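As a plain string of letters, each chain reads:
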Amino acid sequence: MRVCWSLLGLSLLYISAECLLSPSNDDLNQISQLGEKYVDEEIENAINGVKEMKTVMEKSEKDHKKFLSSLEETKKQKEDALKVAQEMEEKLNAEQSVCNETTQALWEECKPCLRNVCVKFYSRTCSSGSGLVGRQLEEFLNRSSPFSIWINGQNIETLEKEDHQQRQHFQDLERRYTDVADGVDSIFVDSMRVFDHMRSLHQPSWFHRPSRIYRSLFHDPHFPGFHSMFQPMMQMTQDVFGSFGSHTGGDLNFPSEDGSVNEDVIVTKPFGNDKMTCREIRRNSAGCVKLREECEKCKEIQHIDCSGKKPLEGPLKKDLEQALALAERFTKEYNNLLRHFEEEMLNTSNLLDMLRKQFSWVSSLANHTTSNDGIFKIQTVICKDPETPEKPGDTNVSVKLFDEPEMSFSVPGDIPWTDPKFSEVVAKEALDRYKQNTVLAK
């Protein structure tokens, strides 16, 4: 037993002696070289990660060009249909202008009846929120003309308003996409400057050895592809794009009076065989126009005779309805394209954000590795006195990393400076602090 204690005492004395004996300049150079090797590998891994970011962005840009082509074609079809609809409406308005006074009088009697019928139907068949639907419908009827309201329950003003919203949303998506692409390009260019500088400091074969940490995501058999990798995380990471407002084709769910949102309820209309939904009335008050046959004054408008012509029973009405149907179809198609692009862009941004957080710190070295004196150097190693004989004291080190100011911290005393692990522990701590400061500064 006494022999065991003697051996333990000798071991502690040996470790303590190792620590108390300060390293020479040659020792400092040797452990610095070992630490620099660790930093080299981390830089190499980060540059490979930035290259992966560039690959992701290039794949996204190919899809983006296809998207723009499809969007432009759909946009032209939508605008052509709207133009035809506008021409047809002008002709229809010209035909009915000869009896404006009669039409307007009937319209003023039609509106309250149509409102009451729709609110009554909604309150009886849908869960709640009839008061809000009534106010919405009243505003809609007051700003609609008695003729356009009869064209398929959908007027040109509604489609033109949606067209404007689509233009705004497209411009917003393009601006955000450009910001992401520019950000990736900037990180990539700076990282390549670091690559060239590091290669000039080392052997030309540097960066051709296999990386010990980094593996390409696209060569990983467990990687499903950047389009689907983050599908379950659509709302999790939005650092790059910020918060999107969803303008793309989503139905507007009006809250009920108690603050809840009504569920979709499909019911059979008691006034005929057609089906309509509570959702349709909530999102578009024009849906109430389907109930116009329940109001006598509304029916009279449809059959009014203007100097021998019945505008709402002639060929112009049919042509206008066809043009509006086409415009509505292409408007929905345009919305679907925008929605698809927004989802793909968010998926890609999530992946890019993951890579950026892990690897983009290396791009900051473009302006912090101008010196040719090396990238990592341990300046001093000073051992503290042990608090107890059984436990060696921590080791204070000061380190110069890149062109940064000198930093100091402690290494646990159970890792003496003569241990090869000491260099890696010091290098990792110094680099982690640099990475943290780089992230905080962005």
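Before reading on, note that the structure itself is shown above.
What this report covers is the structure whose coordinates are included nearby. (Residues numbered from 1 in each chain as written. Predicted model: local features only at pLDDT ≥ 70, side-chain atom pairs only at ≥ 80, totals over all residues. Heavy atoms only, no water.)

Brief notes about the overall build of the protein chain
Phase 1: A tally of helices and strands in the protein chain yields nine helices and five strands.
Phase 2: Sequence-distant contacts, at least 24 apart, represent 77% of the contacts inside the protein chain between residues at least 6 apart.
Phase 3: Taken as a whole, the protein chain presents about 24,200 Å² of accessible surface, with 51% of it coming from carbon and sulfur. (Helix = DSSP H or I, 4+ residues; strand = E, 2+ residues; numbered from the N terminus. Contact = heavy atoms within 4.5 Å. Areas by Shrake-Rupley, 256 points an atom, 1.4 Å probe, with all protein chains shown as cover.)

Focus: the packing of aromatic side chains
Phase 1: The tally for this structure, following the rule as stated, stands at three aromatic pairs.
Phase 2: With 4.2 Å between their ring centres and 15 degrees between their planes, F67 and F341 make a pair best called stacked. Here F67 is found in helix α2 (residues 25-96), whereas its partner F341 is found in helix α8 (residues 315-359), with 274 residues between them in sequence.
Phase 3: A residue is classified by how much of its surface remains accessible, and F67, at 8% relative accessible area, is buried.
Phase 4: Of the residues examined, F341 reaches a relative accessible area of 6% and is grouped as buried. (Phe/Tyr/Trp six-rings, centres within 6.5 Å; stacked < 30°, edge-to-face > 60°. Buried < 20%, exposed > 50% of the residue type's maximum accessible area, 1.4 Å probe, protein only.)

A closer look at the pattern of salt bridges
Phase 1: Counted under the stated rule, the structure contains 20 salt bridges.
Phase 2: Notably, a salt bridge pairs R176 with D172, separated by 2.9 Å at the nearest N-O pair. Here R176 and its partner D172 are both found in helix α5 (residues 156-201), four residues apart, which amounts to about one turn of the helix. The pair formed by R176 and D172 is uniform in burial state, with each residue classed as buried. (Salt bridge = Lys/Arg side-chain N within 4 Å of Asp/Glu carboxyl O.)

Observations concerning the packing of α2 against α8
Phase 1: Put simply, α2 and α8 touch, their axes get as near as 8 Å, and they point 165 degrees apart. One way to sum up the angle between α2 and α8 is to call them roughly antiparallel. For the pair α2 and α8, the crossing hand works out as left-handed.
Phase 2: Within the contact of α2 with α8, the residues separate by chemical class into 28 nonpolar, nine polar and ten charged. (Axes fitted to C-alpha atoms, helices over the stretch in contact; angles between N-to-C directions. Parallel < 35°, antiparallel > 145°, perpendicular 65-115°, else oblique. Left-handed = near helix turned anticlockwise from the far one by under 90°. Nonpolar A, V, L, I, M, F, W, Y, C, P; charged D, E, K, R; others polar.)

Considerations on the sheet that holds strand β3 (residues 376-383)
Phase 1: Ordered in space as β3-β4-β5, the three strands form an open sheet in which the pairing is antiparallel. Edge positions in the sheet fall to β3 and β5 (407-411), since each has one partner strand and no second. When strand polarity is set aside, the average angle formed by the axes of neighbouring strands in this sheet is 25 degrees.
Phase 2: By the bridge criterion, seven bridges tie β3 to strand β4 (residues 395-401) in an arrangement that is antiparallel. Bridge pairing in β4 links T380 to S398.
Phase 3: In this fold α2 packs onto β3 and β4, with an angle of close to 125 degrees to the strand it touches most, β3. (Pairing = 2+ DSSP bridges.)

Observations regarding unusual backbone geometry
Phase 1: Although it is not a glycine, F402 sits at a positive phi angle of roughly 55 degrees.
Phase 2: Checked against the element boundaries, F402 lands in the loop between β4 and β5.
Phase 3: F402 gets classed as buried once you look at its relative accessible area, which sits at 5%.

Let's talk about the state of the cysteines
A covalent bond between the sulfur atoms of two cysteines is referred to as a disulfide.
Phase 1: Evaluation of the coordinates by the stated rule reveals two disulfides.
Phase 2: In this model, C110 is linked to C298 through a disulfide, with the two sulfur atoms separated by 2.0 Å. The disulfide joining C110 to C298 has a torsion of about 95 degrees about its S-S bond and is therefore right-handed. Of this pair, C110 sits in helix α3 (residues 100-125) while C298 sits in helix α7 (residues 296-302), and the two are 188 residues apart along the sequence. (Disulfide = S-S within 2.5 Å.)

A few points about the side chain of Q166
Phase 1: Locating Q166 in the fold gives a position in helix α5.
Phase 2: Among residues more than four places away in sequence, those in contact with Q166 are K78, T331, Y334, N335 and L338.

Here's the deal with the pairing of β5
Along a regular strand, successive side chains alternate from one face of the sheet to the other.
Phase 1: Residues of β5 alternate between two faces, with M407, F409 and V411 buried on one and S408 and S410 left unburied on the opposite face.
Phase 2: What sits between β4 and β5 in their antiparallel hairpin is a turn of five residues, with F402 showing a positive phi close to 55 degrees.

As for the packing of α5 against α8
Phase 1: Two elements in contact, α5 and α8, have axes whose closest approach is 10 Å; the angle formed by their N-to-C orientations is 20 degrees. With respect to their mutual orientation, α5 and α8 come out roughly parallel. For the pair α5 and α8, the crossing hand works out as left-handed.
Phase 2: Of the residues belonging to the contact of α5 with α8, the class tally is 16 nonpolar, four polar and five charged.

What about the environment of K400?
Phase 1: If you trace the backbone, K400 turns up in strand β4.
Phase 2: Using a relative accessible area of 28% as the deciding quantity, one classes K400 as partly exposed.
Phase 3: It is 7.8 Å that separates the C-alpha atoms of K400 and I375, two residues lying 25 residues apart in sequence.
Phase 4: In this structure, K400 is in contact with I375, F376, K377, Q379, P405 and E406, ignoring residues within four places of it in sequence.
Phase 5: A polar atom in the side chain of K400 sits 2.5 Å from the backbone oxygen of E404. (Polar contact = N/O pair within 3.5 Å; in protein donor to acceptor, adjacent residues only side chain to side chain.)

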